[in-house]
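So you can see what is in the structure, the chains are spelled out below.
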Amino acid sequence: MSRSPSKERDLTPQEVRRVYDRIGRFQDWQAFYEGPALRELLRSGDFASANSVFEFGCGTGAFAAKLMTIMSADCRYVGIDVSPKTTRLATSRLKPWAARATVELSDGSAVLSEADSAFGHFVSNYVFELLSPDCAAKILAEAHRILSSKGRLCLVSLGCGTSGFAGLLTALWGGHMEMEALMRGWLPPD
């Protein structure tokens, strides 16, 4: 698993919540660099045949809304996020599919409340680079637990670019994470 340049300063779930509560409404602008990988995941994830999808870190629900348009009408979706603001945005965005799509606020725990083998797909996009290695391992174990025996683990994560635009984005992301880590508890509410 690739780690962000700031891996030695991983944020706690509470710090991640504070960051995404502040930037939540602007999170969708990231599509300009996240889009290609997410389109590839949509293409290769076999979501059209999915019967249930669990998304760890659903953010504003933008990816979930795309899923809802390609999944069968009886496919169930559950998304969780640590940010109350993004959870509200995702719930609002998924209203057209409210009968089969739910979004829940997570407390940041690495233990998921879902039943064993309850889902056919486990999705997480651009979340694992925020987690400590220990937390990432626990979430992967939970993903294995809640996935059915033929379930699909679908992950997209930020890698470390070294040249050109990828290198610039890695440097910017690392700087952003370093600043958040240095400012722990010092940032004013939005």
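Cut-offs and rules
Residues numbered from 1 in each chain as written. Predicted model: local features only at pLDDT ≥ 70, side-chain atom pairs only at ≥ 80, totals over all residues. Heavy atoms only, no water. Phe/Tyr/Trp six-rings, centres within 6.5 Å; stacked < 30°, edge-to-face > 60°. Helix = DSSP H or I, 4+ residues; strand = E, 2+ residues; numbered from the N terminus. Buried < 20%, exposed > 50% of the residue type's maximum accessible area, 1.4 Å probe, protein only. Core = buried A, V, L, I, M, F, W, Y, C linked by side-chain atoms within 4.5 Å. Contact = heavy atoms within 4.5 Å. Pairing = 2+ DSSP bridges. Axes fitted to C-alpha atoms, helices over the stretch in contact; angles between N-to-C directions. Salt bridge = Lys/Arg side-chain N within 4 Å of Asp/Glu carboxyl O. Right-handed = clockwise from strand over helix to strand, strands pointing away. Lys, Arg positive; Asp, Glu negative; His and termini not counted. Polar contact = N/O pair within 3.5 Å; in protein donor to acceptor, adjacent residues only side chain to side chain.

A. Representation of the packing of aromatic side chains. Within this structure, the stated rule accounts for five aromatic pairs. Where Phe-56 meets Phe-128, the ring centres are 6.4 Å apart and the plane angle is 55°; that geometry is what we call tilted. In this pair, Phe-56 is assigned in strand E1 (residues 52–56) and Phe-128 in the loop between strand E4 (119–125) and helix H5 (133–146), connecting sequence segments 72 residues apart. Taken as a pair, Phe-56 and Phe-128 share a single burial class, namely buried. Taken together, the aromatic side chains of Phe-54, Phe-56, Phe-119, Phe-122 and Phe-128 make up a single cluster linked through ring pairs.

B. Just the nonpolar core, in detail. Within the largest apolar cluster, 24 residues are counted, with the highest numbers of intra-cluster contacts made by Phe-47, Val-53, Leu-67, Met-71, Tyr-77 and Leu-94. Secondary structure elements with two or more residues in this core: helix H2 (31–44), helix H3 (62–70), strand E3 (101–105) and strand E5 (147–156). Of all the elements, H3 adds the most residues to this core, at five residues. Beyond its immediate stretch of four places on either side in the chain, Phe-47 contacts Leu-41, Leu-42, Val-53, Leu-67, Ile-70, Met-71, His-121, Val-123 and Cys-154. Counting 17 residues, the second largest nonpolar core, distinct from the first, contains Leu-131, Ala-136, Ile-139 and Ile-146.

C. The sheet that holds E1, seen in detail. Spatially, five strands are ordered E3-E2-E1-E4-E5 in an open sheet, and the strand pairing comes out parallel. Of all the strands in the sheet, just E3 and E5 have a single pairing partner and so form its edges. Each strand axis lies, on average, 15° off the axis of its neighbour in the sheet, ignoring direction. Pairing between E1 and E4: three bridges, direction parallel. Bridging across to E4, Glu-55 finds its partner in Val-123. Its contacts with the sheet place H5 against E1, E4 and E5, and it is angled at close to 140° to E5.

D. Here's a closer look at the pattern of salt bridges. This model, assessed by the stated rule, comprises five salt bridges. Salt-bridge contacts for Asp-116 lead to Arg-145; the nearest nitrogen and oxygen are separated by 2.7 Å. In this pair, Asp-116 is assigned in the loop between E3 and E4 and Arg-145 in helix H5, connecting sequence segments 29 residues apart. Residue Asp-134 pairs with Lys-138 through a salt bridge whose shortest N-O separation is 3.2 Å. With Asp-134 and Lys-138 both in helix H5, this residue pair falls four residues apart, about one helical turn. Judged by its relative accessible area of 49%, Asp-134 is partly exposed.

E. Region of interest: the pairing of E5. Sheet topology note: the E4/E5 ladder contains six bridges and is parallel. Each bridged residue has a counterpart across the sheet, and for Val-123 the counterpart in E5 is Cys-154. For the crossover that starts at E4, traverses H5 and ends in the parallel E5, the hand is right-handed.

F. Layout of the side chain of Arg-100. As for its position among the elements, Arg-100 is in the loop between helix H4 (84–93) and E3. In this structure, Arg-100 is buried with no salt-bridge partner, the nearest side chain bearing the opposite charge being Asp-74 at 6.5 Å. At 3.4 Å, the side chain of Arg-100 and the backbone oxygen of Ala-73 are in polar contact. Excluding anything up to four places from it in sequence, Arg-100 contacts Met-68, Met-71, Ser-72, Ala-73, Cys-75, Arg-76 and Tyr-77.

G. Local environment of the environment of Leu-41. Summarising the element assignment, Leu-41 is placed in helix H2. Distance in space between the C-alpha atoms of Leu-41 and Val-123 is 9.5 Å, their sequence separation being 82 residues. If sequence neighbours within four positions are ignored, Leu-41 has contacts with Phe-47, Phe-63, Val-123, Asn-125, Cys-154 and Val-156.

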